[in-house]
Amino acid sequence: MVNFTTRISGIPCQVAVYCTAPPEPMRVYGPNMEDASPAEPGEYEIEVFDRKGYKAPWLANKLSDDDFDRLIEEASAAYLAESYSVVF
């Protein structure tokens, strides 16, 4: 699970992204492209919260497919930032 702050339709909010199935890369098991299985995108669940931390289903209903893709990218960046953060 990754939590981060973002905007949906210009409204500031918090988002939690849960990865229910990680993405799978393309597999080639023979000499031809016919001998390959295509890459599988991961499956994700998103919860949207207002700035105070309350669930905001009315804001989640405003999500478009482009917003969903952007949130997945932001979640990946937030996850990498958390995993590489250094505490001094």
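This is a predicted model, so every value here is computed, not measured. (Residues numbered from 1 in each chain as written. Predicted model: local features only at pLDDT ≥ 70, side-chain atom pairs only at ≥ 80, totals over all residues. Heavy atoms only, no water.)

1. Digging into helix H2 (residues 65-83)
Turning to step 1, where the next piece is worked out: In a regular helix each residue adds 1.5 Å, so 19 residues correspond to 27 Å; H2 covers 27 Å between its end C-alpha atoms and thus fits that length.
Turning to step 2, where the next piece is worked out: The set of residues buried in H2 consists of Asp67, Leu71, Ile72, Ala75 and Ala78. The buried side chains of H2 occupy one side of the element, clustering within an arc of 140° when seen end-on. Away from its buried face, by an angle of more than 90 degrees, H2 presents the exposed residues Asp65, Asp66 and Glu73.
Turning to step 3, where the next piece is worked out: Tucked inside the fold, the buried residues of H2 contact strand E1 (2-8), strand E2 (11-21) and strand E5 (43-49). (Helix = DSSP H or I, 4+ residues; strand = E, 2+ residues; numbered from the N terminus. Expected span 1.5 Å × (residues − 1). Buried < 20%, exposed > 50% of the residue type's maximum accessible area, 1.4 Å probe, protein only. Arc of directions from axis to C-beta. Contact = heavy atoms within 4.5 Å.)

2. A look at the pattern of salt bridges
Turning to step 1, where the next piece is worked out: Scanning the entire structure with this criterion turns up 4 salt bridges.
Turning to step 2, where the next piece is worked out: One salt bridge connects Asp67 with Arg70, and the closest N-O pair in it is separated by 3.6 Å. Note that Asp67 and Arg70 are positioned in helix H2 at a spacing of 3 residues, about one turn of the helix.
Turning to step 3, where the next piece is worked out: On the accessibility criterion, Asp67 (16% relative accessible area) is buried.
Turning to step 4, where the next piece is worked out: Since its relative accessible area comes to 26%, Arg70 is described here as partly exposed.
Turning to step 5, where the next piece is worked out: Between Arg70 and Glu74 there is a salt bridge, with the nearest N and O atoms lying 2.7 Å from each other. (Salt bridge = Lys/Arg side-chain N within 4 Å of Asp/Glu carboxyl O.)

3. A look at the sheet that holds E1
Hydrogen bonds between backbone groups are what pair the strands of a sheet, and the pairing can be parallel or antiparallel.
Turning to step 1, where the next piece is worked out: Strand order in this open sheet of 3 strands is E1-E2-E5, and the pairing throughout is antiparallel. Sheet topology places E1 and E5 at the edges, where each strand pairs with a single neighbour. The average angle at which neighbouring strand axes cross in this sheet is 35°, direction not considered.
Turning to step 2, where the next piece is worked out: Two strands pair when backbone bridges link them, and E1 and E2 are joined in this way by 7 bridges, in the antiparallel orientation. Bridge pairing in E2 links Arg7 to Pro12.
Turning to step 3, where the next piece is worked out: Along the sheet face, H2 touches E1, E2 and E5 and points at about 140° away from the line of E1. (Pairing = 2+ DSSP bridges. Axes fitted to C-alpha atoms, helices over the stretch in contact; angles between N-to-C directions.)

4. Concerning the side chain of Thr6
Turning to step 1, where the next piece is worked out: Tracing the chain through its elements places Thr6 in strand E1.
Turning to step 2, where the next piece is worked out: Of the residues examined, Thr6 reaches a relative accessible area of 10% and is grouped as buried.
Turning to step 3, where the next piece is worked out: Among the polar contacts made by the side chain of Thr6, one reaches the side chain of Arg70 at a distance of 3.1 Å.
Turning to step 4, where the next piece is worked out: Setting aside its immediate chain neighbours within four residues, Thr6 contacts Ile11, Pro12, Cys13, Val15, Arg70, Leu71 and Glu74. (Polar contact = N/O pair within 3.5 Å; in protein donor to acceptor, adjacent residues only side chain to side chain.)

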